[in-house]
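# A closer look at the structure
Listed here are the chains, written in short residue letters.
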Amino acid sequence: MVKIKILGYPAEAAGFKEKELRIYQKVKIRDLVKFHKKVSEERIIVLVNHNPATLDTEVSDDDFILILPVVGGG
Amino acid sequence: MKGWTGKILRVDLTKKKYTTQTFDESFAKKYIGGRGFAIKLLWDLLEPRTDPLSPQNKLIFASGPLNGPVVPNAGKMVVAAKSPLTGGYGDGNLGTWATVYLRRAGYDAIVIEGAAEKPTYIYIENEKVEFRDASHLWGLGTYETEKKLLDEVGRNSGTLLIGPAGENLVKYAVVRSMEGRAGGRPGMGAVMGSKKLKAIIIKGTNELPPVAEPDKIKEMTQKLYEEIQKTENYDFWMRQGTMAIHAWCQENSVLPTYNFREGVFDEADKINGEAMEKLRVKIRGCPLCNMQCGHTVLEVDGKESELDYENVGMLGSNIGLGDLVKIATLNRMADDYGIDTISLGSSIAFAMEASEKGLIDEKIEWGDFDKAKELITKIVHREGIGNILAEGTKKAAEKIGGDSKDWAMQIKGLEISAYDCHYAPGMALAYGTSPIGAHHKDAWIITWDVKTGRDKYIQIKAEKVIEFQRIRGGLFESVVACRLPWIELGIDLEWYPKFLTAVTGVPFTLEDIYTAADRIYAHIRAFWVREFNGNWDRHMDRPPARWFKDPLTKGPFAGKHLDPDGYEKLLSMYYELRGWDERGIPKESTFEKLGLKDIAEGLKKYTKLTP
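Residues numbered from 1 in each chain as written. Chains lettered and ligands numbered in written order. Predicted model: local features only at pLDDT ≥ 70, side-chain atom pairs only at ≥ 80, totals over all residues. Heavy atoms only, no water.

## So, the overall build of chain B
- When its secondary structure is counted, chain B shows 26 helices and 17 strands.
- A globule of 611 residues ought to have a C-alpha radius of gyration of about 25 Å, and chain B, at 22 Å, matches this closely.
- Seen along its three principal axes, the alpha-carbon backbone of chain B occupies a region of about 60 × 55 × 50 Å.
- A separation threshold of at least 6 residues defines the contact pool for chain B, and within that pool the share at least 24 residues apart is 70%.
- Element-wise, carbon and sulfur atoms account for 47% of the exposed surface of chain B, whose accessible area totals about 19600 Å².
- Computed over 83 positive and 86 negative side-chain charges, the inter-centroid distance for chain B is 3 Å. (Helix = DSSP H or I, 4+ residues; strand = E, 2+ residues; numbered from the N terminus. Rg over C-alpha atoms; globule rule 2.2 N^0.38 Å. Contact = heavy atoms within 4.5 Å. Areas by Shrake-Rupley, 256 points an atom, 1.4 Å probe, with all protein chains shown as cover. Lys, Arg positive; Asp, Glu negative; His and termini not counted. Charge placed at Lys NZ, Arg CZ, Asp CG, Glu CD.)

In structure tokens, the structure reads:
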């Protein structure tokens, strides 16, 4: 299963915070996560298995996708 | 000269006299305001190596040219002095109407000198300055003090005041205003207390200094307020403010937990932004702000307590407490006593670890709410173990010994704020090189640690720290405005030189501001070296040993820790990019390039400068 976790306002734009999916072939993250409200790509961080990635990174089953807003600390 | 008043109020509490010092446009352009004015005044006016709690220390309140002419989120003021906690340069900023009233009274800054014989508050009404008895306020908490003062002087007043922590010279006492705003982590409240100065009241009813383009400022202000409200995450920000970072930090293993042993907390979900949303009763904030971030919840006794991420991080997971209402209680106590929640949380955690290791007699277990409350009272009143902890964790470690200096979580004497850096080397560098000791306000670059690789010790991280220091520590601390609209909401930085130009008539660019920022940084570093009598080396910029030798044991990054060689490499890159030598002291050529030849000459009395 591929696990997707999204934090902050991008989660609201995607309509979910966490999801697990079975995928049978490599697929780009942007095909798994659709934002229904504006989320600028330069304002998010995409990680696959905690490594830097982009929405165009292809993932396989068992990958962990984490999407975070860019933040600047308290 | 437009935009600046060109005047600094000098108040001598010993002699009960006041004078006005003037400055010209070349001074104003070179230092802009806020922190820039503060370091220049401290360097010039403070006798080198002065005891920070002696009457000779100078306490400075400095505004910037954007304070007053209704610029969005510019209701801020800088407070600075030689720090009793670190022995070096100390400052902080706080939201307060005092910044606007000060400029309407006709001044850009106040310098407080000397010390009163008995508790005093200073009353400033335009050109008039009075020294008023504050005996009836001495010993009162900040909430009651502010209420009584406003009853005495009327509502349309700017307030700057201290609580019992400042009176009792707790080394991390802060200055407070507006029942919730606080600033000056490195003991600015203790400096105020050492002068027997309970409060400053400012009533300014004059016109603000004339601005160059009043109509343009009005137009830009309206547009920027609208732009902020239209940003893509405005609604979410208004719901959680800085508390949104809590879940972010937990997910990325940077949430300070058990005195920075770990970066994840088992009970994080109980105290994060979502948990806060369910308890919130009010949103409060600074003047002139339309993205207020103070979320008020009710504490155990039903009193309001204004939370943000830092105090929840430090008084929650860092002391092992997973109950937001109880955290709110500790936070309310800290606010009422006028003590910094970050250093307080670190000091409580230090005591808990010391107790666990048998280095102190007191039994204080992780997450023990009642003991934490008791400890806060003891710190503020300097009783028993509290008297040791009131000195900060660096001094406390010297006192209790053992291996405690390795986990006294401070740099240069200032406690690290709420981000664990076992696996965030760029952020560790930001803490190491922060100009006041370990604080995040100048640079917060965990986003770039995450984006470029947590295990990387690469130049882009050193570059990012400097870029952030120029923006957050330079631009925002000198104009003086809130830094949060920029990264949090994505507001374009070009707004700020445009506002500065429209206010002052001086054609500022971002590059001009960054040059001023570099000047301010070099000047602050010179101040530290002077106050340490030239005994300065790169070890002053190193984080505590815990992050290097006690790996994380939980979460996705268990086993990770900072690499000592990697950190030194990053630090050298930082120095090279700044034009500082391998000791971390600006080179003579750097001082000259920044127009600080006189500072270099002054510094040569204390150390040999690298050409």
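Read on, since the account is not over.
## Some thoughts on the overall build of chain A
- Helix and strand counts for chain A stand at 1 helix and 7 strands.
- Secondary structure elements of chain A occur, N-terminal to C-terminal, as β-α-β-β-β-β-β-β.
- In terms of overall dimensions, chain A is globule-like: its C-alpha atoms have a radius of gyration of 12 Å, near the 11 Å expected for 74 residues.
- When the 74 residues of chain A are sorted by exposure, 55% land in the buried category.
- Excluding contacts between residues fewer than 6 apart, the proportion of contacts in chain A whose partners are at least 24 apart in sequence is 53%.
- Surface exposure of chain A reaches about 3700 Å², of which carbon and sulfur atoms provide 46%.
- Here chain A carries 12 positive and 11 negative side-chain charges, and the mean point of each set is 5 Å from the other. (Buried < 20%, exposed > 50% of the residue type's maximum accessible area, 1.4 Å probe, protein only.)

## Concerning the packing of aromatic side chains
Residues and elements named next belong to chain B.
- Per the stated rule, a full pass over the model turns up 25 aromatic pairs over all chains.
- A ring pair is formed by Tyr575 and Trp580, whose centres lie 6.5 Å apart and whose planes are at 25°; its orientation type is stacked.
- Judged by relative accessible area, Tyr575 falls into the buried class, the value being 0%.
- Overall, Trp580 belongs to the buried group, its relative accessible area being 4%. (Phe/Tyr/Trp six-rings, centres within 6.5 Å; stacked < 30°, edge-to-face > 60°.)

## Digging into the environment of Pro287(B)
Residues and elements named next belong to chain B.
- Relative to the assigned elements, Pro287 resides in the loop between strand E13 (282-284) and strand E14 (294-298).
- The spacing of Pro287 and Leu255 is 32 residues in sequence and 30 Å in space, taken between C-alpha atoms.
- Every residue in contact with Pro287, bar those within four places of it in the chain, is listed here: Gly75, Gly95, Thr96, Trp97 and Met178.

## Here we look at the nonpolar core
All names here are of chain B.
- Counting 175 residues, the largest nonpolar core has Tyr89, Trp248 and Ile339 as its most contacted members.
- In terms of residue count, the dominant contributor to this core is helix H22 (residues 510-531) (12 residues).
- In terms of nonpolar packing, the next biggest core, distinct from the first, is built from 29 residues, Tyr101, Ala105, Val191 and Ile202 among them. (Core = buried A, V, L, I, M, F, W, Y, C linked by side-chain atoms within 4.5 Å.)

## Remarks on the sheet that holds strand E5 (residues 51-53) of chain A
All names here are of chain A.
- The strand order across the open sheet formed by 5 strands is E2-E1-E7-E4-E5, and the pairing between neighbours is mixed. Edge positions in the open sheet fall to strand E2 (18-21) and E5, since each of these has one partner strand only. Recorded for the sheet is a direction-independent mean angle of 25° between the axes of neighbouring strands.
- Sheet analysis places strand E1 (residues 2-6) next to strand E7 (residues 64-69), joined by 4 bridges and oriented parallel. Bridge assignment links Lys5 to a residue of E7, and that residue is Leu66. (Pairing = 2+ DSSP bridges. Axes fitted to C-alpha atoms, helices over the stretch in contact; angles between N-to-C directions.)

## Remarks on the interface of chain B and chain A
- With 30 residues of chain B in contact, the opposing surface of chain A contributes 23 residues.
- Buried surface at the junction of chain B and chain A, both sides included, amounts to about 2200 Å², of which 58% is carbon and sulfur.
- Three residues stand out in chain B for area buried against chain A, namely Glu232(B), Trp248(B) and Glu251(B), and they jointly supply 32% of the buried area on that side.
- Scanning the region where chain B abuts chain A turns up 3 salt bridges.
- Note that Glu251(B) and Lys5(A) form a salt bridge whose closest N and O atoms lie 2.6 Å from each other.
- Linking chain B to chain A there are 11 residue pairs in polar contact (both at pLDDT 80 or more).
- Among the elements of the structure, helix H8 (234-240), helix H9 (244-251), helix H18 (446-452) and helix H20 (484-487) of chain B are those that each provide at least two residues to the side of chain B that touches chain A.
- Classifying every residue of the side of chain B that touches chain A gives 13 nonpolar, 8 polar and 9 charged. (Buried area = accessible area lost by both parts, 1.4 Å probe. Salt bridge = Lys/Arg side-chain N within 4 Å of Asp/Glu carboxyl O. Polar contact = N/O pair within 3.5 Å; in protein donor to acceptor, adjacent residues only side chain to side chain. Nonpolar A, V, L, I, M, F, W, Y, C, P; charged D, E, K, R; others polar.)

## Topic: the pattern of salt bridges
- Within the structure shown, the criterion is met by 57 salt bridges over all chains.
- For Asp61(A), the salt bridge is made with Arg22(A), and the minimal N-O distance between the two is 2.8 Å. Note that Asp61(A) is positioned in the loop between strand E6 (58-59) and E7 and Arg22(A) in the loop between E2 and strand E3 (27-28), a separation of 39 residues in sequence.
- We classify Asp61(A) as partly exposed; its relative accessible area is 22%.
- Residue class for Arg22(A) comes out partly exposed when judged on its relative accessible area of 46%.
- A salt bridge links Asp151(B) to Lys147(B), with the nearest nitrogen and oxygen atoms 3.5 Å apart.

## Quick notes on the side chain of Asp12(B)
All names here are of chain B.
- Relative to the elements of secondary structure, Asp12 occurs in strand E1 (residues 7-12).
- Of the side chains with opposite charge, Lys15 lies nearest to the buried Asp12, which makes no salt bridge, at 4.2 Å.
- When residues no more than four places from it in sequence are discounted, the contact partners of Asp12 are Lys17, Glu113, Gly114 and Phe131.

## Details of the packing of helix H12 (residues 324-337) of chain B against helix H14 (residues 369-381) of chain B
Residue and element names in this part refer to chain B.
- Packing of H12 against H14 brings their axes to within 10 Å, and their N-to-C directions diverge by 5°. The angle between the axes of H12 and H14 places the two elements in the roughly parallel class. Where H12 approaches H14, its residues Lys326, Thr329, Leu330, Met333 and Tyr337 are matched on the opposing element by Phe369, Ala372, Lys373, Ile376, Thr377, Val380 and His381.
- Here the residues of the contact of H12 with H14 are counted per class, giving 7 nonpolar, 3 polar and 2 charged. (Parallel < 35°, antiparallel > 145°, perpendicular 65-115°, else oblique.)

## Side note on the sheet that holds E1(B)
All names here are of chain B.
- Here 6 strands make up an open sheet; going across it, the order is E2-E1-E6-E3-E4-E5 and the pairing mixed. Every interior strand has two partners, whereas the edge strands, strand E2 (17-22) and strand E5 (89-95), have only one. Within the sheet, the average angular offset between the axes of one strand and its neighbour, ignoring direction, is 20°.
- Here E1 runs beside strand E6 (residues 109-113); their pairing, made up of 5 bridges, is parallel. Within E6, the residue paired with Ile8 across the bridge is Ala109.

## Some thoughts on helix H3 (residues 98-105) of chain B
Residues and elements named next belong to chain B.
- When you tally the buried positions in H3, you get 7 out of 8 residues, the bulk of the element.
- On its buried side, H3 packs onto strand E3 (59-62), strand E4 (76-82), E6, strand E7 (120-125), strand E9 (158-161) and strand E12 (197-203).
- Phi turns positive one or two residues past the end of H3, at Gly106, with a value near 110°.

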